[in-house]
Protein chains: 2
Amino acid sequence: MKKSIGANTFLPGVPVLVVGSYDEQLKPNLMTCAWGGICCSVPPCINISLRKATYSYNNIVLNKAFTVNILFSDKIKEADYYGLVSGREYDKFAETGITPVKSDIVNAPYGREFPIVLECKLINSIEIGLHTEFIGEIMDIKVEDNLLDEQGRIDASKLEPILYLPGPKGYYSRGSYLGKGFEIGKSIIS
Amino acid sequence: MKKSIGANTFLPGVPVLVVGSYDEQLKPNLMTCAWGGICCSVPPCINISLRKATYSYNNIVLNKAFTVNILFSDKIKEADYYGLVSGREYDKFAETGITPVKSDIVNAPYGREFPIVLECKLINSIEIGLHTEFIGEIMDIKVEDNLLDEQGRIDASKLEPILYLPGPKGYYSRGSYLGKGFEIGKSIIS
């Protein structure tokens, strides 16, 4: 039987997105965001929701650009740290020994040591409530070459992403392969 | 070294959301959506992106309501199937032996056999490109009572969610616990 747990923000696993942006002095910043995901296929777009009070909010409005950095489980402490403190008080790149690299496409920095980065141009924003949602067009994705197969495609077996569980507030790794998308369900079609 | 893989829709694991809606004859429908996530904490909101061509798109515009059903890995075939065929041609509840239940809060159905459901009222929508993003306020979440602990909170250890990997198009389970959110990164704060 189902029980009501009230109006909450819960999904059983969301991607952990580390957003890179510059302030007006081109100081690079990183901020962890769990409220975000892909929101359009053509053009390819990603949304991230931030509170107006954050340093990154102002940076993104200023530059109309951001990066989304993907960290693997070896950087779990860093991923949490980037969401704990503000770029107003800390140089989060320096404090974690990450090298800021300016994107060659958009005016935003990413971390050289992070395995995957999405370079995004702000194309829309929506005021929702406590959070503002930014929609970024994904202009390019850059991936460490050891994560690519011989055809230059991402090798799923080499990814070790971090997933976040709102509610219990836990970080988790990805588990085992369950099946092929747009394939495994064909057996049900009558 | 990083290599460009071009402008794509990629994140290393996104939640699989099964959207419930009614058509004008109150025929219930289910559709799998991988483009979505939490987008605001106050009020609690979730976004889902759908193509205008889908049956569910019209249903959501009509009723200004939808549910988000969470399926576990025992329903991996069904999760894929709901994204393979259209509600115009199939009764997807009946074909998969799922019982439609009308939400007592919004004008949308959910599946009795699914473990978790978010009941959502449409509060905004944004045209992006091929996809339209719907923003739903989460009015309530209903959870099977065997997934709750003695305090009535979701027991993370009992969740077996399905995650989707765009690009390689694979479904995955959730893996092992990596640490506590808003806690594990404190050791870095200087």
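Residues numbered from 1 in each chain as written. Chains lettered and ligands numbered in written order. Predicted model: local features only at pLDDT ≥ 70, side-chain atom pairs only at ≥ 80, totals over all residues.

What follows is about the environment of B:Leu17. Residue and element names in this part refer to chain B. Residue position: Leu17 is located in strand S3 (residues 17-22). Sequence spacing of Leu17 and Asn69 is 52 residues, and the spatial spacing of their C-alpha atoms is 6.2 Å. Here Leu17 is in contact with Cys33, Gly36, Ile48 and Val68, once residues within four sequence places are set aside. (Helix = DSSP H or I, 4+ residues; strand = E, 2+ residues; numbered from the N terminus. Contact = placed C-beta atoms within 7 Å.)

Moving on: the confidence of the model for chain A. Low pLDDT means the predicted atomic positions in that stretch should not be read closely. For chain A, the mean per-residue pLDDT works out to 97, and 100% of the residues sit at or above 70. Both confidence scores are given for the complex: pTM 0.97, ipTM 0.97. (pLDDT = per-residue confidence, 0-100.)

We now examine the interface of chain B and chain A. Each side of the interface is counted separately: chain B has 89 residues, and chain A has 89 residues. Considering each element in turn, the side of chain B that touches chain A owes the most residues, eleven residues, to strand S13 (residues 170-180) of chain B. Tallied by class, residues from the side of chain B that touches chain A come to 48 nonpolar, 26 polar and 15 charged. As paired strands, strand S1 (residues 2-6) of chain A and strand S11 (residues 131-144) of chain B are joined by four bridges and run antiparallel to one another. (Nonpolar A, V, L, I, M, F, W, Y, C, P; charged D, E, K, R; others polar. Pairing = 2+ DSSP bridges.)

Spatially, six strands are ordered S2(A)-S12(A)-S13(A)-S13(B)-S12(B)-S2(B) in an open sheet, and the strand pairing comes out antiparallel. With one partner strand each, in any of the chains shown, strand S2 (14-15) of chain A together with strand S2 (14-15) of chain B form the two edges of the open sheet. Alignment of strand S12 (residues 162-165) of chain B against S13(B), held across four bridges, turns out to be antiparallel. When the sheet's bridge partners are listed, B:Leu165 is paired in S13(B) with B:Gly170.

Of the transformation placing chain B onto chain A, the axial shift is 0.0 Å and the rotation is 180°, giving an RMSD of 0.0 Å. When the rotation and shift are considered jointly, the pair of chain copies conforms to a two-fold rotation axis. Rotation axis and chain B: the residue whose C-alpha lies nearest the axis is B:Gly175, separated from it by 1.8 Å. Both copies present the same face, since 100% of the interface residues in chain B are matched by interface residues at the equivalent positions in chain A. (Least-squares fit on C-alpha atoms with pLDDT ≥ 70 in both.)

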